[in-house]
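# Structure assessment
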Amino acid sequence: MSKKVLVTGANGGMGSAITEALVKKGYRVIASYYPKIEAEAKEWFKQNNYSDDQVRLFPLDVTDTAYCKEAIATLLQEEGYIDVLVNNAGITRDTTFKRMSVEQWNDVINTNLNSLYNVTHPLFGAMCEHGNARIINITSVNGLKGQFGQTNYSAAKAGMIGFTKALAAEGARSGVTVNAIAPGYTGTAMVEAIKPEILEGIKAEVPMKRLARPAEIAAAVTFLASDEAAYITGETLSVNGGLYMR
Ligand code: CAA
């Protein structure tokens, strides 16, 4: 039977590439999407010609604790078990801290960080009982280094790394690995929304002088999801063209 993976924000730029790569590896992907964009998600499913066995569309508001608890409990009953969770859903609300409203702060913290509790908590118990499970959190180079105009995003992404290490310690004895991937600037709508002159400056800073391809991030996800990665836990794997070197 195919292994099952829940990917949040599956129809977005990064999520699409992750879904595609996992489907190619034979996983059944539970593709969660923000319920308010149902039509868009259905169109995405159709455009990609996925079969119902390959991809199941799954509405999930990752910011809503009660919604996630109920929806994921039902999902577990229906699917039996989820082998891999990819916490990928994320947004930006970039602005300098002086100008940042509390809504811009909260939106990013809720979607990018509080979602980790909302989505992971209802799954973690079953994963520990079953063993050999994977949790992969998509953080960012900007959670490692801090980025001008992203106090909210950098705080959330850095928080994801702390969560990853702490939960890795708790999951280890059950064979549940918890890792993060820290992409650099990647060719998705999120990055294309940056003003062109600023984006050019960012690209110039990247030693490889280009954006990551979404498939290059997805390849890291399929690796960490694999049986071969069973002894890697609590790690953050950077895929950033050299943008942040320690
Ligand atoms: N470091 C230091 N100073 C900087 C700076 C930097 N990196 N970037 C801009 N500044 C300075 C500017 O030179 C400018 O100074 P002056 O007023 O003296 O001219 C001042 O700060 C204001 O800058 P802007 O004109 O850019 O201000 P703005 O209000 O128009 O825009 C901003 C602010 C929206 C934050 C814009 O700077 C921006 O988009 N920055 C890029 C943010 C970014 O990298 N976001 C990543 C999104 S993609 C993503 O998040 C995915 C991922 O994980 C990588």
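The model shown is predicted, which means the values in this text are computed figures rather than measured ones.

## Observations concerning the environment of P183
With respect to the helices, strands and loops of the structure, P183 is situated in strand β6 (residues 176–183). Considered as a pair, P183 and M14 are 169 residues apart in the sequence and their alpha carbons are 9.9 Å apart. What P183 contacts, discounting residues up to four positions off in sequence, is M14, I138, T139, S140, V141, I217, V239 and N240.

## Looking at the packing of aromatic side chains
Inspection of every chain in the model, using the stated rule, returns two aromatic pairs. The structure contains a cluster of three or more aromatic residues connected by ring pairs, namely W44, F45 and Y50.

## Let's talk about the pattern of salt bridges
Per the stated rule, a full pass over the model turns up 11 salt bridges. Connected via shared salt-bridge partners are K4, R28, R56, E78 and E79.

## Some remarks on helix α3 (residues 65–79)
Because each turn of an α-helix spans 3.6 residues, side chains separated by three or four positions in sequence point in the same direction. In a regular helix each residue adds 1.5 Å, so 15 residues correspond to 21 Å; α3 covers 21 Å between its end C-alpha atoms and thus fits that length. Of the residues making up α3, those classed as buried are C68, A71, I72, L75, L76 and E79. Summarising the axial view, the buried residues of α3 lie within an arc of 140°, below the 170-degree limit, and thus occupy one face. Projecting away from the buried face of α3 at angles above 90 degrees are the exposed residues A66, K69, E70 and Q77.

## Considerations on helix α9 (residues 214–225)
Over its 12 residues, α9 runs 17 Å from end to end, which matches the ideal 16 Å to within 8%, given 1.5 Å per residue. Residues of α9 that are buried: I217, A218, A220, V221, T222, L224 and A225. Looking at the buried positions of α9, the neighbouring elements they touch are α1 (13–24), β4 (84–87), β5 (133–138), β6 and β7 (236–239).

## Some points on the UniProt feature "domain: Ketoreductase" (unreviewed entry) in the protein
Under the UniProt annotation, "domain: Ketoreductase" (unreviewed entry) lies at residues 3–184. Strand forms 18% of residues 3–184 and helix 51%; the C-alpha atoms that close the span are 28 Å apart.

## Let's talk about unusual backbone geometry
We note that N49 has phi near 55°; this positive angle belongs to a residue other than glycine. You can see N49 is positioned in the loop between α2 (38–47) and β3 (55–59). For N132, which is not glycine, the phi dihedral falls at a positive 50°. Structurally, N132 is set in the loop between α4 (102–130) and β5. N132 gets classed as partly exposed once you look at its relative accessible area, which sits at 38%.

Definitions and cut-offs
Residues numbered from 1 in each chain as written. Predicted model: local features only at pLDDT ≥ 70, side-chain atom pairs only at ≥ 80, totals over all residues. Heavy atoms only, no water. Helix = DSSP H or I, 4+ residues; strand = E, 2+ residues; numbered from the N terminus. Contact = heavy atoms within 4.5 Å. Phe/Tyr/Trp six-rings, centres within 6.5 Å; stacked < 30°, edge-to-face > 60°. Salt bridge = Lys/Arg side-chain N within 4 Å of Asp/Glu carboxyl O. Expected span 1.5 Å × (residues − 1). Buried < 20%, exposed > 50% of the residue type's maximum accessible area, 1.4 Å probe, protein only. Arc of directions from axis to C-beta. UniProt positions renumbered as here; feature names shortened; annotations may be inferred.

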